[in-house]
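Below, each chain spelled out in residue letters.
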Amino acid sequence: MTDVQSETDAAPAGVEPMASGPVVTDSAPMGEHERAVAAKARLIASRRPKPTRVVAARVSIWLRLGELWRARELFFFLVRKEIKVKYKNSALGFLWSMLNPALTLAVFYVLFTFFLPNGIPNFVIYMFSAMLVWNLFQTAVLTGTSTIVSNAAIVKKVAFPREILSLAAVGSAFMFFLFQSIVLLVFMIAFWHRPDWSALWLVIPALAAIIVFSAALAVFLSAVNVYLRDTQHLVEVLLMAWFWAIPGIYAYSGRVHDGLVKHTIFGIPGTHLIWLYFANPVSPVVMSFQRVFYNVVHPRSTLASQHHALIANGVMAHYGIHWYVGSDLAVLAVSLVLFFGAMVVFGRLEGNFAEEL
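Colleague: Before we move on, can you summarise the overall build of the protein with the specific residues and values?
Modeller: Each helix and strand counted, the protein has 14 helices and 4 strands in total. Taken over 357 residues, the protein has a buried fraction of 47%. If you take every contact in the protein between residues at least 6 apart in sequence, the share linking residues at least 24 apart comes to 83%. Surface summary for the protein: the accessible area is close to 18,000 Å², and the carbon and sulfur share equals 67%.

Colleague: Hey, could you go over helix α12 (residues 282-294) for me, with residue numbers and the actual values?
Modeller: Between its terminal C-alpha atoms α12 stretches 17 Å, which fits the 18 Å expected from 13 residues at 1.5 Å a residue. In terms of burial, α12 is largely enclosed, as 13 of its 13 residues are buried.

Colleague: Which residues make up the side chain of Ser222, and what values go with them?
Modeller: Within the secondary structure layout, Ser222 lies in helix α8 (residues 203-227). Among residues more than four places away in sequence, those in contact with Ser222 are Gly144, Thr145, Thr147, Ile148, Ser166 and Phe346.

Colleague: Lay out the pattern of salt bridges in plain terms, naming residues and giving numbers.
Modeller: Inspection of the entire model under this criterion finds 3 salt bridges. The partner of Glu350 in a salt bridge is Arg64, with the nearest N and O atoms 2.6 Å apart. On the criterion of sequence distance, the pair formed by Glu350 in the loop between α13 (321-349) and α14 (353-356) and Arg64 in helix α2 (residues 61-70) is long-range, its members being 286 residues apart. The class for Glu350 is buried, based on a relative accessible area of 4%. Residue classification places Arg64 among the buried positions, given a relative accessible area of 3%.

Colleague: Give a description of a nonpolar patch on the surface that names residues and reports values.
Modeller: Taken together, the side chains of Tyr109, Val110, Leu111, Phe114, Phe115 and Leu116 present a nonpolar region at the surface, about 590 Å² in accessible area. Structurally, Phe114 is set in helix α4 (residues 96-115).

Colleague: Outline unusual backbone geometry, listing residues and values.
Modeller: Within the chain, Asn122 stands out as a residue other than glycine whose phi angle is a positive 50 degrees. The residue Asn122 is located in the loop between α4 and α5 (123-150) in this model. Note on Asn122: relative accessible area 29%, which makes it partly exposed. In this structure, Trp192 is a non-glycine residue whose phi angle is positive, near 50 degrees. Considering the arrangement of structural elements, one finds Trp192 in the loop between α7 (163-190) and α8.

Colleague: If you had to explain α2 to someone new, which residues and values would you point to?
Modeller: Buried within α2 are the following residues: Ile61, Arg64, Glu67 and Leu68. Along the axis of α2, the buried positions cluster into a sector of 120 degrees, meaning they face one direction only. The exposed set on the far side of α2, more than 90 degrees from its buried face, consists of Trp62 and Trp69.

Colleague: Residue-level account of the packing of α5 against α8, with values.
Modeller: Helices that pack against each other are described as a pair by the angle of their axes relative to one another and the distance between those axes. Relative to each other, α5 and α8 sit at 25 degrees, their axes nearing to 7 Å. With respect to α8, the axis of α5 lies roughly parallel. The hand of the α5/α8 crossing is right-handed. Residues Val133, Leu136, Phe137, Ala140, Val141, Gly144, Thr145, Ser146, Thr147, Ile148 and Val149 of α5 form the contact with α8, whose participating residues are Leu207, Ile210, Ile211, Phe213, Ser214, Leu217, Ala218, Leu221, Ser222, Asn225 and Val226.

Colleague: An account of the packing of α12 against α13 is needed here, citing residue identities and associated values.
Modeller: In contact at an axis separation of 9 Å, α12 and α13 are set at 145 degrees when each is read in the N-to-C sense. Note that α12 runs across α13; the crossing there is left-handed. Here Pro284, Val285, Met287, Ser288 and Arg291 of α12 lie close against α13, whose contacting residues are Ile321, Trp323, Tyr324, Ser327, Asp328 and Val331. Within the contact of α12 with α13, the residues separate by chemical class into 7 nonpolar, 2 polar and 2 charged.

Parameters at a glance
- Residues numbered from 1 in each chain as written.
- Predicted model: local features only at pLDDT ≥ 70, side-chain atom pairs only at ≥ 80, totals over all residues.
- Heavy atoms only, no water.
- Helix = DSSP H or I, 4+ residues; strand = E, 2+ residues; numbered from the N terminus.
- Buried < 20%, exposed > 50% of the residue type's maximum accessible area, 1.4 Å probe, protein only.
- Contact = heavy atoms within 4.5 Å.
- Areas by Shrake-Rupley, 256 points an atom, 1.4 Å probe, with all protein chains shown as cover.
- Expected span 1.5 Å × (residues − 1).
- Salt bridge = Lys/Arg side-chain N within 4 Å of Asp/Glu carboxyl O.
- Patch = residues over 30% accessible without salt bridge, like charges linked within 9 Å, V, L, I, M, F, W, Y side chains within 5 Å.
- Arc of directions from axis to C-beta.
- Axes fitted to C-alpha atoms, helices over the stretch in contact; angles between N-to-C directions.
- Parallel < 35°, antiparallel > 145°, perpendicular 65-115°, else oblique.
- Left-handed = near helix turned anticlockwise from the far one by under 90°.
- Nonpolar A, V, L, I, M, F, W, Y, C, P; charged D, E, K, R; others polar.

Here it is as structure tokens:
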């Protein structure tokens, strides 16, 4: 199928200028949220130059990115709408996004301080430094995977870049990340725990890496989920297992590090399982956040030969700041490649969205 361009100042009757994919008339009613998004999308579309692509099976990645940039106002509208809808008719509103992680932190603090002490100083700060990253990633991927199906009424009736729904899911997850960061700040003040101010800038490349990686997965999985609805359930299960592949509940240094270094990959000489551990793009980002906000290198207690002993291993990995920067930039580079690939796949699959939905 080839691109079809409108050459007149007005679009044909019954067809709106659109960013991608055909518009299919459907009699299914739209809710209040869908009507608001549809009205905003039509308003933004009306401001574009009239000669637009009406139908396209394959559009260049740069054209798709250009369409997304022109629809950035819709992106911000969708992010705001997502947050408002989540806490609609709620007395506490946005405070719920902070109370939930605050309660989780309090429970883990009591559990691992008084009942199951693990020897990690200020464990609650260590854990939540990782949970900030994980919650951002998990929320973005889970919400982004189902967003096209959840907004089927809008997708079938209104012309706009469909990818923006997935990206808006990542944007709303980032906003919740900011809310939860306030909780971490409060706990750090309560425990008189200082971050490494000199390495605070490390948050920027780490955050950029996890956002782009989340966006790549969200865009790709949202398109696949239209055709294979089991995708969203499979993603939920995989994320549950994925969580244990990051150093959030356990310390990376010591037993985990030594065990990974000790074993090779399929018995290949010169290889280590630690390579597979860091093939997980989320792990370096989590460790970067812990390097900045936790930053504890004191010895921790452990059990050895059925009695307590102190070991000189710190809680975090003993890597220089250049390792964290290089790892985050590597994740960012790979994530950009994955994002462009996801955009291509999305463009190939969205042609039949209306029929599948």
